[in-house]
Amino acid sequence: MECRSIQSLASSSTRPKYDVFVSFRGEDVRNTFADHLFAAFRRNGIVAFRDDRNLMQGQHISTELVQAIEGSQVLIVIFSKNYATSSWCLQELAKMLDCSNTITEPNLLPIFYDVTPSEVRKQTGDYGKALAEHEERFKDNSKMVQQWRESLLQVSNLSGWEIRNKQENGEIEKIVKRVRSKLGCNLLSVDGLVGMQSRVEQLENLIDFNSNNEVRVVGVCGMGGIGKSTLAKVVYDRNLHKYGAHCFVDDISKVFRGVGLLSLQKQLVCQITNGEIQDIYNHYQAESLIKTMLRCQKALIVLDNADDVDQLENLGVTRDCLYPGSRIVVTSRDQHVLNSFGLDETYKVQLLNDDEAHQLFCEKAFDDNIIISCEEISREYKKLTDLALEYAQGLPLAIKVLGSYLRSRDISVWRSALDRLKNNPKKEIADVLQLSFDGLEPLEKEIFLDIACFFNHQVDWHVEDMLYCRGLHPKIGISVLIDKSLITINERDNIRMHDLLQELGRRIVRQSAPNEPWKWSRIWCKEDFQRIMFGNTVIDDVKAVQLMERYDERNMTLRAETLSRMRRLEFLRIESVSFSGSINSISSELRYLEWEEYPFTYFPSCCKLSKLVNLVLQNSNIKQLWDGTMCLDNLKELNLSDSENLVKPPNLSQAPNLERLFVRRCRKLKHIHPSTGDLRKLVVLDLSGCTSLTSFPVTVFGISSLEEVNLSGCSRLFGGKELENGSESSIQCQSTVWSTFKRLKLRLPFHFFNYSKSRYNHVFHLWRLSLARLSCVGNNIVRVPDFINKLPRLRVLMLDNCKRLMYVDEFPLPLPLPYPAAERTKLVKRGHLRLWNCPKILEKERLSGMGSSWMREYIKVHNESTDRVAIVIPGSGVPIPRWFKDQNKGADNSIWIESFPNVNDNNWIGIALCAKIVLQFAQTHLIFILFYDQMGNGNLLHFVELGKEEDARSEMVLLCLFYFSRQRLIQGLKQHDLDGSRFQFKVDVAGYLEVKKWGMRVVLNQDME
């Protein structure tokens, strides 16, 4: 950022000093009408200039009056009988008219107290006499008197109020309402609230101030310090003039817990009645008054910072007691509180974007007249500004506190302050964030701390699995944290916690015993683990350890024996960290163990791991997991994948609850232990890539719970060797086998399909009839075999990385399923065809037509059950199929829908897309397809994972065809008019994606006939 950029952003607009300036003749109205008017202004929070109260002694009154007029937003003149006799009043009038003429929105309002507009306009009667005297008195300055005459003429023609013969109180109410309206129009920005305008407009659209037929209740939700209260106050100030009653109750939760419900109700009554009722003695009297007053007039009520629905319900302000057209706005950190109160809409306050954060920080951190002459210092300020903004992460409170703290301090102080923030945040920030943590239940606090220490930015389902193993009930716990704005789930299903909240959680753990990490509940930093290593004492406080680092950061080797000293360890997760020594034992409290690249050849057999739920030892050096058996009553997942030295399979006879067994790419493993066939709760068995595997317990196929078996890449299996335990009697009960195969996802080595003479052929025939998913990834076929076209239930076909594949004659024709509706929906909810990285494929244009036809047929056959279809095929030189009517060149990787069908129109069933995209690879590649409505609310519709082979080209052209049902598109979106919606293609950080061309079609019922 250039020096002048800092200066320009630091300059701030001049704020008006007063809301209203009133010009009046004191002897006529000071103690009567003017006094009543000023009192009404005070009751309504309007700051009005009054010359006999606000001027300091000894100051020259004319200069102060000029400054007061120039510093006021609304100007009022009270014309009374003797007003024109005062040359001072006439000078004020001329100055007020001059100021009013310089702005686009007229702000000068006349009040005709005991004179008529005609008398002032024509300058007759008392006004004519007074002006004649002025002309005689100021003979030498006739231009000044003429200016006064013109000012009287112009102002008397403005719209105002004629008070004579009317009730003064009623007219004063009208004047106050008009002033509030004027002030509301001028409150387009608030000092220091950068980016507020767009947020105000969005919230006002949800509140819908123009509708007078209904009561609307709108919530404002967001994390602490994000600006909920300020936003609500700005909207309140801009619109309260439209309501007969209005009230802003500040910080409900604090007042409720401090002085109680009655104090809140008194505040409500006092504001609604402008202070006329103050004697309230009990809750019931207050509730009755509130309901009586709100039943007969439109009201705008803002209830700020509620953290319990009881606080809102006990106030007595409910939807059914309000007059039509009234509005209630509630701010809270807790979405659940808002939902329980019964909302029409919720506005989620977003963090400031980079530009807004930068502007706000510069306004707070730099003086208006800052001069930075040295270019080197300017660059240093820019660097430190970026560090401050990285720390604040768009949180307005943090940006303002940091900027104000650093203001007017030199560069060395900036460096020191920002270094200190890493471990010692500013108290003003920490206190606000701490409130959110303090409001959590004990289990929710544990989940918060686990996410802060271990799981930030990780995928939600995996985090849930790990928290479940910890016994923390993650479904409800994560939901509560989301409701309380402590975490979010992004479009890629990753849990996101703001960096300041993450630091809060870690600081809470560290503060339990500063500088003594062996007394902390959690360890997440290898430097802290190293401090624990040097000692022989038992460690009882550490319950969870996670040590993870990148391959290029391996600069420290830790001692494994330290883990044996942690007697109450429940959670251990290690990835890419070097260890030496040995593990003789490990905590019997352990519930979750994941150790990437486990360095030892055996697992300690003397351990008692009856509480262990997950054991993940991928890429390990294990040869044999343990001798004999081990009691693993609670084990649900065992993963030994990529353990190249594994030669002896584990005996799992004492793991009765095992559900998922992964032994992928263990290339020295030759057989599977027979106990695997006795795992009656097994759901997934994955042995893919075990190239030496020659025997397999066929009893696995009799497990009724089994849903998926993957034997792809097991090239020696079924190759003439018999299946283990393969007597005829073991598979005679075809009804049991059929019930398993009917829903089983089975992946086999490709040569199996020609293995027709096996005595198990009748079982495999049943499998072919039921096959729903077929993965032939990485096979050396040249032509897709004919048998694939005879798989009537096939809904997923994957032919990726078939480097020799040249011909695809046809795709299998989708057929109706003879199952009940619920089971049918589960089976055909998604349809997939994939042929990427097949460089020798021929007849690509014909292939795209086949894909389009298969999509249409799949939708037609499975219309009621399908929510999406995805097809990925080679796209180089292939046009968009003509079935996609609207075709355009790519632009910012988005597909805009200018005219979207109404969501309630049952004639359309979904939308089909076709996009030709160019990909540049790094490693594993993810393509995300998102749908945004016109308000920017988004849903993740689908993602495609393309795992890169080593010899895959760095750039690839693909043709992607997608179909999304109407329900899939509109889920979670509240906009009924979706014109201006868009689909957007995104790619993970590892690569580059560009949409070259796209087509779209709204799929109608008649298209399926």
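Above this text sits the structure in question.
I will try to describe carefully the structure that is included in this document. Quick caveat, the model's predicted, so the values are computed rather than measured. (Residues numbered from 1 in each chain as written. Predicted model: local features only at pLDDT ≥ 70, side-chain atom pairs only at ≥ 80, totals over all residues. Heavy atoms only, no water.)

1. Overview of the overall build of the chain
Then, in step 1: Counting its secondary structure elements, the chain contains 33 helices and 36 strands.
Then, in step 2: Counting only residues that meet the buried cut, the chain has 53% of its 1009 residues in that class.
Then, in step 3: When contacts within the chain are restricted to residue pairs at least 6 apart in sequence, long-range pairs at least 24 apart make up 68% of them. (Helix = DSSP H or I, 4+ residues; strand = E, 2+ residues; numbered from the N terminus. Buried < 20%, exposed > 50% of the residue type's maximum accessible area, 1.4 Å probe, protein only. Contact = heavy atoms within 4.5 Å.)

2. Comments concerning the sheet that holds strand β36 (residues 992-1004)
Then, in step 1: Ordered in space as β25-β26-β27-β28-β34-β31-β36-β29, the 8 strands form an open sheet in which the pairing is mixed. Looking at strand neighbours, the two that pair on one side only are β25 (773-775) and β29 (886-889), the edges of this open sheet. Neighbour-to-neighbour, the strand axes of this sheet turn through a mean angle of 10°, independent of strand direction.
Then, in step 2: Two elements, strand β31 (residues 908-920) and β36, share 12 bridges in a ladder whose sense is antiparallel. Considered in β36, the bridge of A915 is made with W998.
Then, in step 3: Its contacts with the sheet put helix α32 (residues 844-861) on β27 (830-834), β28 (868-874), β31 and β34 (955-965), and the angle it makes with β28 is roughly 170°. (Pairing = 2+ DSSP bridges. Axes fitted to C-alpha atoms, helices over the stretch in contact; angles between N-to-C directions.)

3. Overview of the packing of aromatic side chains
Then, in step 1: Inspection of the entire model under this criterion finds 32 aromatic pairs.
Then, in step 2: Summarising the aromatic geometry, the rings of F209 and Y243 are spaced 6.2 Å apart at their centres and angled 65° between planes, so their arrangement reads as edge-to-face. Residue F209 is found in the loop between α11 (196-207) and β6 (216-221), and its partner Y243 is found in the loop between α12 (228-239) and β7 (245-249); the two are separated by 34 residues along the sequence. Residue F209 shares its accessibility class with Y243, and that shared class is buried.
Then, in step 3: Taking 5.6 Å as the distance between ring centres and 65° as the angle between the ring planes, the aromatic pair formed by Y236 and F248 counts as edge-to-face. On the criterion of sequence distance, the pair formed by Y236 in helix α12 and F248 in strand β7 is long-range, its members being 12 residues apart.
Then, in step 4: Y236 sits in the buried class, given a relative accessible area of 5%. (Phe/Tyr/Trp six-rings, centres within 6.5 Å; stacked < 30°, edge-to-face > 60°.)

4. Structural notes on the sheet that holds strand β5 (residues 161-162)
Then, in step 1: Read from one edge of the open sheet, 5 strands run β2-β1-β3-β4-β5, paired in parallel fashion. This sheet does not close on itself; its edge strands, each paired only once, are β2 (48-49) and β5.
Then, in step 2: Summarising the sheet, strand β4 (residues 108-112) and β5 pair through 2 bridges and their orientation is parallel. Its bridge partner being in β5, I111 is matched across the sheet by W161.
Then, in step 3: Sheet contacts for helix α6 (residues 87-100): β1 (18-23), β3 (72-79) and β4; angle to β3, the most-contacted strand, approximately 140°.

5. Considering helix α8 (residues 125-137)
Then, in step 1: An ideal rise of 1.5 Å per residue puts 18 Å on 13 residues; α8 measures up with 19 Å between its terminal C-alpha atoms.
Then, in step 2: Along α8, the positions that sit buried rather than exposed are Y127, G128, A130, L131 and H134. Down the axis of α8, the buried set is contained in an arc of 165°. They therefore lie on one face. Pointing more than 90 degrees away from the buried face of α8 are the exposed residues G125, K129, E136 and R137.
Then, in step 3: Looking at the buried residues of α8, the elements they touch are β3, α6, α7 (117-122) and α9 (142-156). (Expected span 1.5 Å × (residues − 1). Arc of directions from axis to C-beta.)

6. Let's talk about the nonpolar core
Then, in step 1: If you look at the biggest cluster of nonpolar residues, it comprises 150 residues, and the most contacted ones within it are F448, F529, L572, F579, W595, L615 and L687.
Then, in step 2: Setting aside chain neighbours within four positions, we find L687 in contact with V663, I672, L693, F696, N710, L711 and C714.
Then, in step 3: The next biggest cluster of nonpolar side chains, apart from the first, holds 38 residues, and it includes L791, L833, L847 and L959. (Core = buried A, V, L, I, M, F, W, Y, C linked by side-chain atoms within 4.5 Å.)

7. Considering helix α27 (residues 526-533)
Then, in step 1: Those residues of α27 that sit buried are K526, D528, F529, I532 and M533. Burial along α27 is one-sided: seen end-on, the buried residues are contained in an arc of 155°.
Then, in step 2: Buried residues along α27 sit against β13 (522-523), β14 (544-548), β15 (557-559), α28 (561-564) and β17 (578-580).

8. Describing the state of the cysteines
Then, in step 1: Counting across every chain of the model gives 0 disulfides.
Then, in step 2: Cysteine C838 shares no disulfide, and the gap to the nearest cysteine sulfur, in C802, comes to 5.2 Å. (Disulfide = S-S within 2.5 Å.)

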